[in-house]
Amino acid sequence: MALSVQIQKKAGDFQLDVDFTAGTGEALALLGASGCGKSMTLKCIAGVERPDRGRIVLDGEVLYDSERGVCVPPQRRRIGYLFQNYALFPHMTAAQNIAAGARHMEASQRKERVAQLVSQLGLEGKERLRPFQLSGGQQQRVALARILASEPRAMLLDEPFSALDTYLKWRLELEMRDILSLFQGPVVWVSHDQGEVYRNCARVCVLDQGKSSPAAGVRELLANPVTVSAARISGCKNYVPVRPGPRPGTVEIPLWGLTLEAAAPWREGVSVLGIHARHVQPAGKDARNAFFCETVQVTEDVSAMLAALRPKGAEPDAPLLRMELDKDVWAAMPDHKGFWVSVEPENLLLLE
Amino acid sequence: MMDWYPLWNSVRIAGISTIIVFFSGICAAYYVAKAPRLVKGALDALLTLPLVLPPTVVGYLLLLVLGPKRGLGAFALEVFHVRLTMTWWSAVFAAAAVAFPLMYRTARGAFESFDETLAYAGKTLGLSNSYIFWRIRMPVCRQGILAGTVLSFARALGEYGATSMIAGYIPGRTATIATAVYQFWRTNDDAAALRWVLVNLGISAAVLLVVNLLERKNREERKWL
């Protein structure tokens, strides 16, 4: 059981081009900023939108194939879709909503199945309430119960926690994992939150302006991003153009007038250097990769100091270097106007 | 003793035209709401036209088509020996024509504010398109559709201009409340005219009250969504 998706679709100026496969029982994350085509991708998989070109195959059954002119209607795809706003039917009770997912069963069976799902998802006592009388978390569970009632072969989750308060998220994430364990097929989990993906998915496919990159392991991707969009998702804040340095093992940053040692070997296609704000640390002037900076601006954050630095010798319009320091480290520094900093060679990210 | 025929005739004309307009208006609204923008604009203008045209213009156009000398009217007379004008049910044509835009526009508004993800959800759950239309789209839009129905009924009941042209005023046969008021006033029977005016006021006020109630209920439900 696997879901493989290769589709292209043009909508105005926007070009969607995604290619990934989600395996059995696997939660594959589709990660990207809002407006990068995540929801459109899910709609194409579910069959409520039609791609221009490509192929969608689930468990060996072709659901869409532009070359062979196949496009199975959504009703016969049996793909569960958890919408961002849950899309509960507002005029039906919770139980009626769940039963609407089980209409392929006989009436007596349906009743049993609804009762079973109500107890499995902890919705006892809520059966007769309408969606607007339920909390966000309960609405989500009704929507999931309704999907499970329809016996889907694959499941699509569209930003499952975006409609919820942050303090509720953690508990609901645990619940979601329990609920997903009731389900055997592939799951596509759309998100813009790297933490959520890190905690819940093993593999991730990054979507950047409609284009997908090959799926990679989540830990590997966030630790060693190879593209700017992956680095951005991993929380990297500094980007500056880069080229190979004069000696092997070095890189040159023309805008900052710097040459630094990099642990990763140079490779074809690299054009940008990424540096996490946390990896910029004050250092002695003889330290490896040390360079002198002037402070442009300092901001106090909740748990850290954020400093915007200009490396000495930088061009006037060069990007500033963002540094994030613990408050006590900042306070212990003798001079806040200008000081030496360094970035360890293994912390220089060579990005495409 | 008052002759209640105009009341009965008005109610039956308004009732029948409301039923016609209910289905045709919803159909038109459903397809126009889904149509591409250019088609939408053109169709919308065409379907709303009877609302802004003087009823006499609508009556004249109807007579062109249904009158015994030309078109459908001539055909019906020749083949079925039926006159399409000057009978009580001729007024249904007039009432339906002027009430149609009200039903159509209110239903279209309701359909356009319908959250399409509900239909998507229904499809991915395996629900048939007709289930989605009758059991999801219509109930969710019911307030707007009900309001449109009541408004159409009220408009059909008050129709005068086109009705008087196509059905005339024949006491006991084609007389409606609206045409009766005009006739009684014209023949200086002020007392009778006033009686019908009061009847009409009562019915219209009741109808508008119902519309207001529906709208308030609608707002309260929306607050929760």
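Analysis parameters
- Residues numbered from 1 in each chain as written.
- Chains lettered and ligands numbered in written order.
- Predicted model: local features only at pLDDT ≥ 70, side-chain atom pairs only at ≥ 80, totals over all residues.
- Heavy atoms only, no water.
- Buried < 20%, exposed > 50% of the residue type's maximum accessible area, 1.4 Å probe, protein only.
- Helix = DSSP H or I, 4+ residues; strand = E, 2+ residues; numbered from the N terminus.
- Contact = heavy atoms within 4.5 Å.
- Polar contact = N/O pair within 3.5 Å; in protein donor to acceptor, adjacent residues only side chain to side chain.
- Pairing = 2+ DSSP bridges.
- pLDDT = per-residue confidence, 0-100.
- Buried area = accessible area lost by both parts, 1.4 Å probe.
- Salt bridge = Lys/Arg side-chain N within 4 Å of Asp/Glu carboxyl O.
- Nonpolar A, V, L, I, M, F, W, Y, C, P; charged D, E, K, R; others polar.

**Q** Just checking my understanding: could you explain helix H6 (residues 116–124) of chain B for this structure?
**A** The periodicity of an α-helix, 3.6 residues per turn, causes residues three or four places apart in sequence to face the same way. The buried fraction of H6(B) amounts to seven of the nine residues, a majority that puts the element mostly inside the structure. Listing the buried residues of H6(B) in full gives B:Thr117, B:Leu118, B:Ala119, B:Tyr120, B:Ala121, B:Gly122 and B:Thr124. Residues of H6(B) that are buried sit in contact with helix H1 (38–46), strand E7 (79–82) and helix H4 (136–149) of chain A together with helix H7 (129–140) of chain B. After H6(B) finishes, the residue B:Gly126 shows a positive phi value of roughly 90°.

**Q** What should I look at first to understand the side chain of A:Gln138 in this one?
**A** Residues and elements named next belong to chain A. Examined against the element boundaries, Gln-138 turns out to sit in helix H4. Residue Gln-138 is classed as buried on the basis of its relative accessible area, which comes to 16%. Among the polar contacts made by the side chain of Gln-138, one reaches the main-chain amide nitrogen of Ser-135 at a distance of 2.9 Å. Aside from chain neighbours lying at most four places away, what touches Gln-138 is Leu-123 and Lys-126.

**Q** Is there a simple way to explain the sheet that holds strand E14 (residues 243–244) of chain A in this structure?
**A** Through backbone hydrogen bonds, the strands of a sheet pair up, either in parallel or in antiparallel fashion. Reading across from one edge, E14-E15-E16 (chain A) is the order of the three strands in this open sheet, with antiparallel pairing throughout. The open sheet has two edge strands with one neighbour each: E14 and strand E16 (258–261) of chain A.

**Q** Would you explain the confidence of the model for chain B in this entry?
**A** Residues shown with low pLDDT carry predicted positions that ought not to be read at fine detail. Residue and element names in this part refer to chain B. Per-residue pLDDT for chain B has a mean of 89; in total, 96% of the residues score no lower than 70. Per-element mean pLDDT across chain B ranges from 81 in helix H11 (residues 190–224) up to 95 in H6. In the predicted complex, the global pTM is 0.79; the interface-specific ipTM is 0.79.

**Q** Can you help me understand the interface of chain B and chain A in this one?
**A** Interface extent is often summarised as the accessible area lost during association of the parts. Counting residues at the interface gives 23 residues for chain B, matched by 24 residues for chain A. Interface of chain B and chain A: buried area, both sides summed, is about 1,900 Å²; carbon and sulfur atoms make up 69% of it. For the chain B face of the interface with chain A, the top three residues by lost area are B:Tyr120, B:Thr124 and B:Leu125, together amounting to 33%. Run the count over chain B and chain A and you get zero salt bridges. At the junction of chain B and chain A, the tally comes to four residue pairs in polar contact (both at pLDDT 80 or more). At the level of elements, H6, H7 and H11 of chain B are the ones that each hand at least two residues to the side of chain B that touches chain A. Residues belonging to the side of chain B that touches chain A are distributed by class as follows: twelve nonpolar, six polar and five charged.

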